[in-house]
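Next come the chains, spelled out residue by residue.
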Amino acid sequence: MRLLHLSDLHAGKTLGSISRNEDVAYALEQVLNFCKENSVDLVLIAGDVFDKANPDNEAKEIIFDFFLKLNELKIPAVAISGNHDSYEFMKSLKNLLRVINVFVFPKPDLENGVFSFEELKVACLPYPSERVITRAGESAKLDYAVAVEKAIKYLYKQVENAKFKILLSHLFLAGSKYTRTEREATITKFYAVEPSSIPEGFDYVALGHVHRYQRIEKAPTYTYYTGSVFQLDFSETGQEKFFNFVELREGEPPIVEAVKLSLKNPLHVVEMDQNNYARELDEAKTLNGYLKVNLKVRDKNRVNLVVDRIKESLGSKLIRIELITEELQTQSKEELQELQALNVVELYKEYFKEVYKKGPEEQVIKTLLSLMETVRR
Ligand SMILES: [Mn+2]
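Residues numbered from 1 in each chain as written. Predicted model: local features only at pLDDT ≥ 70, side-chain atom pairs only at ≥ 80, totals over all residues. Heavy atoms only, no water.

Draft legend 1. Summary view of the overall build of the chain. On a plain count of helices and strands, the chain comes out with 11 helices and 17 strands. Of the roughly 19,800 Å² that the chain leaves accessible, carbon and sulfur atoms contribute 49%. Looking at charge distribution, the chain has the averaged site of its 51 positive side-chain charges lying 2 Å from that of its 57 negative ones. (Helix = DSSP H or I, 4+ residues; strand = E, 2+ residues; numbered from the N terminus. Areas by Shrake-Rupley, 256 points an atom, 1.4 Å probe, with all protein chains shown as cover. Lys, Arg positive; Asp, Glu negative; His and termini not counted. Charge placed at Lys NZ, Arg CZ, Asp CG, Glu CD.)

Structure follows, in structure tokens:
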């Protein structure tokens with residue numbers, strides 16, 4: 001039995017004001033071409049099909065066309081929700097997509113979480129958000145990992161007698177290497193699930209959520225994040241992207257082949273110095289894809305001129321310029337906090353004057369500061 005495992009398509013993603021839909025489409029085209037040239041029995045999509053709860057129409061068209069073309073090739077697919085997908089939106093597609101042999105598992109549902117296909121059973125655990133997996137009132141964060149482990153084991157019980165057993169999920173396993181994109185709301189150590197939670201009886205574990213391709217060596221069975229299908233933002237600069245071609249064999253370990261995706265628009269971070277940037281700018285002009293420039297500021301009064309020149313020269317390739325100033329480098333956290341505190345005090349003084357027609361007394365300010373300190377602690 002031969003499977004494709006891919007993940008984190010993020011259709012509808014934008015970077016600055018630029019839509020990344022052509023990047024998604026380019027990756028899916030490669031997946032379809034692979035399917036034409038190799039015999040693939042089933043495609044597994046491990047969540048974050050869409051980048052947002054309400055994806056734009058072009059993003060939907062790209063995903064639905066991909067599913068239609070898979071169906072024309074007579075290859076069924078299983079897709080689960082990731083944290084970026086809306087449970088409700090994915091649920092709204094479920095019955096319709098079943099007609100073209102795409103089986104959607106929108107929300108964790110332990111009684112209806114198994115997909116059967118010939119001699120294979122897939123235990124599907126869509127993104128287990130804290131809200132759906134732990135009951136309110138319990139010490140939710142501590143219980144989270146325990147609840148997810150229980151869910152996985154409960155699903156395993158329902159598939160354990162099958163010849164081939166797969167776990168398909170979207171979650172964060174402790175010890176995986178991640179970048180900024182996934183961290184946004186959901187990657188903290190509170191939400192990390194221990195790799196040892198995975199029953200070793202699974203032949204293969206297809207994961208989504210972490211955008212860097214990796215095998216989780218600490219897991220007791222063949223466990224992979226295939227990562228996102230293109231570089232989503234500048235924290236993924238330099239990362240190569242893949243999907244897995246997995247051949248399951250009875251009584252033997254699976255053969256796992258990482259298939260590299262070529263990128264429509266690779267991302268680059270370019271360092272420039274205000275006093276000396278001609279060579280870097282010339283090189284940047286030749287790069288394919290999108291750019292972020294870190295510009296070291298030497299003379300604040302004249303930097304706008306340089307910024308304009310870089311913008312003009314790089315055009316729509318340039319997503320943004322970050323100005324690196326000396327102050328920014330030396331300004332410590334404490335200084336920033338002081339600055340913020342100062343602003344609140346100034347605001348309060350103005351408010352006081354407005355209401356009482358005179359400035360506040362020293363003691364009032366002291367009380368305000370001590371209250372702010374209490375809140376901060
Ligand atoms: Mn993702």
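This is not the end of the story, as more comes after the structure.
Draft legend 2. Quick peek at the sheet that holds strand 15 (residues 267-273). Pairing in this open sheet of three strands is parallel, and the strands run 15-16-17 from one edge to the other. Looking at the sheet topology across the chains shown, the edges are occupied by strand 15 and strand 17 (318-324). For this sheet, the mean angle separating the axes of adjacent strands, direction not counted, is 20 degrees. Across six bridges, strand 16 (residues 290-296) lies against strand 17 in parallel orientation. (Pairing = 2+ DSSP bridges. Axes fitted to C-alpha atoms, helices over the stretch in contact; angles between N-to-C directions.)

Draft legend 3. Region of the structure containing the nonpolar core. By size, the foremost hydrophobic cluster in this structure holds 39 residues, and its most contacted members are Leu4, Leu6, Val43 and Ile45. Among the elements that line this core, the one with the most residues is helix 1 (residues 21-37), at seven residues. In this view, leucine 4 contacts Val31, Phe34, Cys35, Val40, Leu42, Val43, Leu44, Phe243, Asn244 and Phe245; residues no more than four positions away in its chain are not counted. Membership of the second largest hydrophobic core comes to 27 residues, among which are Val205, Leu207, Val210 and Ala219. (Core = buried A, V, L, I, M, F, W, Y, C linked by side-chain atoms within 4.5 Å. Buried < 20%, exposed > 50% of the residue type's maximum accessible area, 1.4 Å probe, protein only. Contact = heavy atoms within 4.5 Å.)

Draft legend 4. Highlighting the coordination of the manganese ion. Distances from the manganese ion to its protein donors, Asp8 (OD), His10 (NE2), Asp48 (OD) and His211 (NE2), fall within 2.1 to 2.3 Å. Coordination of the manganese ion draws on donor residues from a single chain, spaced D-x1-H-x37-D-x162-H in sequence. On the criterion of sequence distance, the pair formed by aspartate 48 in the loop between strand 4 (42-45) and helix 2 (57-72) and histidine 211 in the loop between strand 10 (204-208) and strand 11 (214-215) is long-range, its members being 163 residues apart. What makes aspartate 48 buried here is its relative accessible area of 1%. (Donors = N, O, S within 2.8 Å, 3.2 Å for Na, K, Ca; no water.)

Draft legend 5. Quick look at the sheet that holds strand 6 (residues 102-105). Reading across the sheet, the six strands line up as 6-5-4-1-13-14 and stay open at both edges, with mixed pairing between neighbours. Both outer strands of the open sheet, strand 6 and strand 14 (252-261), are each paired with one neighbouring strand and no more. Each adjacent strand pair in this sheet contributes to an overall mean axis angle of 20 degrees, direction not counted. Note: strand 13 (residues 241-249) against strand 14, eight bridges, orientation antiparallel.

Draft legend 6. Quick look at the pattern of salt bridges. Taken as a whole and assessed by the stated rule, the structure comprises 15 salt bridges. Among the ionic pairs, lysine 163 bridges to glutamate 250, the shortest N-O distance being 3.7 Å. Separated by 87 residues along the polypeptide, lysine 163 in the loop between helix 5 (140-159) and strand 9 (164-170) and glutamate 250 in the loop between strand 13 and strand 14 bring together distant segments of the chain. Lysine 163 gets classed as partly exposed once you look at its relative accessible area, which sits at 32%. Between glutamate 280 and arginine 279 there is a salt bridge; the shortest N-O distance is 3.8 Å. (Salt bridge = Lys/Arg side-chain N within 4 Å of Asp/Glu carboxyl O.)

Draft legend 7. Highlighting a nonpolar patch on the surface. On the surface, a cluster of nonpolar side chains totalling about 330 Å² of accessible area is made up of Tyr351, Val355 and Tyr356. Tracing the backbone through its elements, the reader meets tyrosine 351 in helix 10 (residues 333-356). (Patch = residues over 30% accessible without salt bridge, like charges linked within 9 Å, V, L, I, M, F, W, Y side chains within 5 Å.)

Draft legend 8. Here's a closer look at the pairing of strand 13. Burial of strand 13 is extensive: seven of the nine residues sit out of reach of the surface. Taken together, the four bridges between strand 1 (residues 2-6) and strand 13 define a ladder with antiparallel strand orientation. Residue pairing across strands places leucine 4 opposite phenylalanine 245, the latter belonging to strand 13. Hairpin geometry of strand 13 and strand 14 is characterised by an intervening segment of two residues between the two adjacent antiparallel strands and by a positive phi of about 70 degrees at glycine 251.

Draft legend 9. Expanded view of the packing of helix 7 (residues 278-286) against helix 8 (residues 303-314). At a closest axis distance of 10 Å, the pairing of helix 7 and helix 8 adopts a crossing angle of 25 degrees. The pairing of helix 7 with helix 8 is recorded here as roughly parallel in orientation. Helix 8 is crossed by helix 7, and the crossing has right-handed handedness. Taken together, the residues of helix 8 that come into contact with helix 7 (itself represented by Leu281, Ala284 and Lys285) are Ile310, Ser313 and Leu314. When its residues are assigned to classes, the contact of helix 7 with helix 8 shows four nonpolar, one polar and one charged. (Parallel < 35°, antiparallel > 145°, perpendicular 65-115°, else oblique. Left-handed = near helix turned anticlockwise from the far one by under 90°. Nonpolar A, V, L, I, M, F, W, Y, C, P; charged D, E, K, R; others polar.)

Draft legend 10. Structural detail: the packing of aromatic side chains. Under the criterion given, the structure shown has 12 aromatic pairs. A centroid spacing of 5.3 Å and a plane angle of 80 degrees characterise the contact between phenylalanine 34 and phenylalanine 243, whose relative ring orientation is edge-to-face. Taken together, the positions of phenylalanine 34 in helix 1 and phenylalanine 243 in strand 13 put the pair 209 residues apart, joining distant regions of the chain. The same class applies to phenylalanine 34 and to phenylalanine 243, which are both buried. Between tyrosine 156 and phenylalanine 202, the aromatic rings sit 4.9 Å apart at their centres with planes inclined by 70 degrees, giving edge-to-face as the arrangement. One end of the pair, tyrosine 156, is in helix 5; the other, phenylalanine 202, is in the loop between helix 6 (180-186) and strand 10, and 46 residues separate them in sequence. With respect to burial, tyrosine 156 and phenylalanine 202 carry one shared label: buried. The rings of Tyr204, Tyr213, Tyr224 and Phe242 are connected pair by pair, giving a single aromatic cluster. (Phe/Tyr/Trp six-rings, centres within 6.5 Å; stacked < 30°, edge-to-face > 60°.)

Draft legend 11. Geometry of unusual backbone geometry. Even without glycine at this site, lysine 74 takes up a positive phi of about 65 degrees. Position of lysine 74 relative to the elements: it lies in the loop between helix 2 and strand 5 (77-80). Given the relative accessible area of 71%, lysine 74 is considered exposed. Located in the positive-phi region is lysine 357, a residue other than glycine, with phi close to 60 degrees. Following the sequence through the fold, lysine 357 ends up in the loop between helix 10 and helix 11 (362-376).

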